[in-house]
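Residues per chain are reported as follows:
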Amino acid sequence: MHPTFHTSFVAFLKHFNETFDYFECHEVLEDYWKEFSPRHKNHALTAFILLATSMYHWRRGNLTGATKTMKTSIKRMELTKDSPFFNDLNYQRLIENMNVALQLITSSQKFQAFSIEITNPALQSRVKELQLETNESLHFLIHKHMLRDRSEILEERNREKKKRDDLLN
C-alpha cells in the first residue's frame, strides 16, 4: 500500500480539507509518523504536522507560533520534496499556498484556510468516503487543545512515570 493511502494520512487530508480540524490533523499524523519513521524529524510527515500546527495557531491568533511553524514546515517540505507522501498531491500548489499563508500571517491578516489538492483520483475517493464526526463548533475547533478530554493523556503520562520510577527503584 502506498503511504498516502494509510488510514491516518487519509484522515489527515479529510480533516485538513473538509473539517478544518487542524488539531486532529496533528494528532493523526503524529501517531502515523511515530509508527512510520519514529524520531526522524526531517520527514515529510513532520512537515505536514507542522503545517497543521501552523494553521491551528494562525486561526487562534498566535501569529508568532504560526509564523515559526509555517517556516519550518516549508523548509521540511522542500527538504523532503522527493518523498512518496507528495506523489498524490499537487506539491507545487501546496508550497505556493503555504508561502501565501506565511505572507498573510506575517502581515497579521485574518486566518484563511486552503486545501491540499489531491491529484490521485483513488486517494480523492478514499478521502471523500471517509466518515468523520464534523459537528464540533468553531469555538471547540479553535480551542480544542484546552477543551478536549485529556484523561487518556494523563493516564498515559502516569503509566510512563510509573515505569520510570520502577526502573529507578
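Residues numbered from 1 in each chain as written. Predicted model: local features only at pLDDT ≥ 70, side-chain atom pairs only at ≥ 80, totals over all residues. Heavy atoms only, no water.

**Q** Give a description of the nonpolar core that names residues and reports values.
**A** Counting residues in hydrophobic clusters, the biggest one holds 44 residues, and the most contacted among them are Phe9, Phe12, Phe48, Leu51 and Met77. Listed by contribution, the elements that provide at least two residues to this core are helix H1 (7-19), helix H2 (22-36), helix H3 (44-60), helix H4 (63-79), helix H5 (91-106) and helix H6 (121-129). The biggest single contributor to this core is H3, with 10 residues. If we ignore the near neighbours within four places in the chain, the residues touching Phe12 are Cys25, Val28, Leu29, Phe48, Ala52 and Ile116. (Core = buried A, V, L, I, M, F, W, Y, C linked by side-chain atoms within 4.5 Å. Buried < 20%, exposed > 50% of the residue type's maximum accessible area, 1.4 Å probe, protein only. Helix = DSSP H or I, 4+ residues; strand = E, 2+ residues; numbered from the N terminus. Contact = heavy atoms within 4.5 Å.)

**Q** So what's going on with the packing of aromatic side chains? Which residues, and what values?
**A** Inspection of every chain in the model, using the stated rule, returns 13 aromatic pairs. When the centroid spacing of 5.7 Å and the interplanar angle of 55° are considered together, the rings of Phe23 and Tyr56 count as tilted. Taken together, the residues span a long stretch of sequence, with Phe23 in helix H2 and Tyr56 in helix H3 at a distance of 33 residues. Accessibility expressed as a relative area gives 10% for Phe23, which makes it buried. The class of Tyr56 is buried, set by a relative accessible area of 8%. Linked through ring pairs, Phe9, Phe12, Phe16, Tyr22, Tyr32, Phe48, Trp58, Phe85, Phe86, Tyr91, Phe111 and Phe114 together constitute an aromatic cluster. (Phe/Tyr/Trp six-rings, centres within 6.5 Å; stacked < 30°, edge-to-face > 60°.)

**Q** Run through H2, naming residues and quoting values.
**A** Residue pairs spaced three or four apart in an α-helix point in one direction, given the helix's 3.6 residues per turn. For H2, with 15 residues, the first-to-last C-alpha span of 20 Å sits near the 21 Å given by 1.5 Å per residue. Turning to H2, its buried residues are Tyr22, Phe23, Cys25, Val28, Leu29, Tyr32 and Trp33. (Expected span 1.5 Å × (residues − 1).)

**Q** Go over H4 with me, naming the residues and quoting the values.
**A** With 17 residues, H4 extends 24 Å from end C-alpha to end C-alpha; this agrees with the ideal 24 Å at 1.5 Å per step. Within the sequence span of H4, burial applies to Gly65, Ala66, Thr67, Thr69, Met70, Ser73, Ile74, Arg76 and Met77. Of the surrounding elements, those touching the buried residues of H4 are H3 and H5.

**Q** Let's hear about the environment of Met1: which residues, and what values?
**A** Within the secondary structure, Met1 is located in the segment before H1. The class for Met1 is exposed, based on a relative accessible area of 77%. Sequence-distant contacts of Met1, that is, excluding residues within four places in its chain, are made with His6 and Arg126.

**Q** Quick one: what's the story with unusual backbone geometry, residue by residue and with numbers?
**A** Despite not being glycine, Phe20 has its phi angle at roughly 60°, a positive value. Looking at where Phe20 falls in the secondary structure, it is placed in the loop between H1 and H2. Overall, the relative accessible area of 30% leaves Phe20 in the partly exposed class. One non-glycine residue, Ser108, lies in positive phi territory at about 60°. Exposure remark for Ser108: the relative accessible area of 54% places this residue in the exposed category.

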